[in-house]
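Remarks on the overall topology
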Amino acid sequence: QVQLVESGGGLVQPGGSLRLSCAASGNISSINIMGWYRQAPGKQRELVVVIRDGGSTDYADSVKGRFTISRDNVKNTVYLQMNSLKPEDTALYYCNVGGYTTGSARYRYYWGQGTQVTVSS
């Protein structure tokens, strides 16, 4: 099993910054992809950004130039630096990782419990 623990959410004023973290632990063999999704009230969950083990990234157009993803492969941790936050960034942010656990050939995706980000004055 793999556990994901997220932290760093909170309330921030428009134009402010937050940094989210997500640490993966458990019976991890390898992690290929790590990323962040978000879900606002009444809306579907959407991709924010993913980063692959080679370092390539895919950002949603709405966050390009404002958000930056990074990962620490030794700590199995992914970070999301969010700058110039807007009210429309308000959502529950979920960490997602894809990879293998020790002794299993099955590729699986795992989700964190979510951390709330609220952008409001």
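Residues numbered from 1 in each chain as written. Predicted model: local features only at pLDDT ≥ 70, side-chain atom pairs only at ≥ 80, totals over all residues. Heavy atoms only, no water.

Here we come to the packing of aromatic side chains. Scanning the model with the defined rule gives four aromatic pairs in all. Ring centres of tyrosine 94 and tryptophan 111 lie 6.4 Å apart, and the angle between their planes is 85°; this geometry places the pair in the edge-to-face category. Taken as a pair, tyrosine 94 in strand β9 (residues 91-101) and tryptophan 111 in strand β10 (residues 108-111) lie far apart in primary sequence, 17 residues in all. The partly exposed category is assigned to tryptophan 111, whose relative accessible area is 40%. Here the aromatic residues Tyr37, Tyr94 and Trp111 are joined through ring pairs into a cluster of three or more. Directly above the ring of tyrosine 94 sits arginine 45, whose terminal nitrogen or CZ lies 3.7 Å from the centroid. (Phe/Tyr/Trp six-rings, centres within 6.5 Å; stacked < 30°, edge-to-face > 60°. Helix = DSSP H or I, 4+ residues; strand = E, 2+ residues; numbered from the N terminus. Buried < 20%, exposed > 50% of the residue type's maximum accessible area, 1.4 Å probe, protein only. Lys NZ or Arg CZ within 6 Å of the ring centre and 35° of its normal.)

In the structure shown here, the tally under the stated rule is one disulfide. Across a sulfur-sulfur distance of 2.1 Å, cysteine 22 and cysteine 95 are joined as a disulfide pair. The sign of the -80° torsion about the S-S bond sets the cysteine 22-cysteine 95 disulfide as left-handed. Here the residue cysteine 22 occupies a position in strand β3 (residues 18-26), and cysteine 95 occupies one in strand β9, the gap between them amounting to 73 residues. Taking relative accessible area as the criterion, cysteine 95 reaches 0% and is therefore assigned buried. (Disulfide = S-S within 2.5 Å.)

Relative to β9, strand β4 (residues 28-39) runs antiparallel, the two being bridged by ten bridges. Paired with tyrosine 37 across the strands is tyrosine 94, a residue of β9. One ladder, built from six bridges, connects β4 with strand β5 (residues 46-52); its direction is antiparallel. Bridged to glycine 35 within β5 is valine 50. (Pairing = 2+ DSSP bridges.)

In this section: the sheet that holds β3. Spatial strand order, β1-β3-β8-β7: four strands in an open sheet with antiparallel pairing. Each edge of the open sheet carries a strand with a single partner, namely β1 (2-7) and β7 (67-72). Strand after strand, the sheet turns through a mean of 15° between neighbouring axes, direction not considered. Note: β7 against strand β8 (residues 77-82), six bridges, orientation antiparallel. Within the sheet, the bridge partner assigned to isoleucine 69 lies in β8 and is leucine 80. (Axes fitted to C-alpha atoms, helices over the stretch in contact; angles between N-to-C directions.)

This next bit is on the pairing of β3. Consecutive side chains of a regular strand alternate in pointing toward one face of the sheet and then the other. Of the strand pairs in this sheet, β1 and β3 are connected by six bridges, and their pairing is antiparallel. Residue pairing in the sheet places leucine 4 in a bridge with alanine 24 of β3. Relative to β8, β3 runs antiparallel, the two being bridged by six bridges. The partner of cysteine 22 across the bridge, within β8, is valine 78.

This part covers the nonpolar core. Core analysis: the biggest nonpolar cluster contains 29 residues, and Trp36, Leu80, Met82 and Tyr93 have the highest contact counts within it. Sorting the residues of this core by element identifies β1, β3, β4, β5, β7, β8, β9 and β11 (115-119) as the ones contributing at least two each. (Core = buried A, V, L, I, M, F, W, Y, C linked by side-chain atoms within 4.5 Å.)

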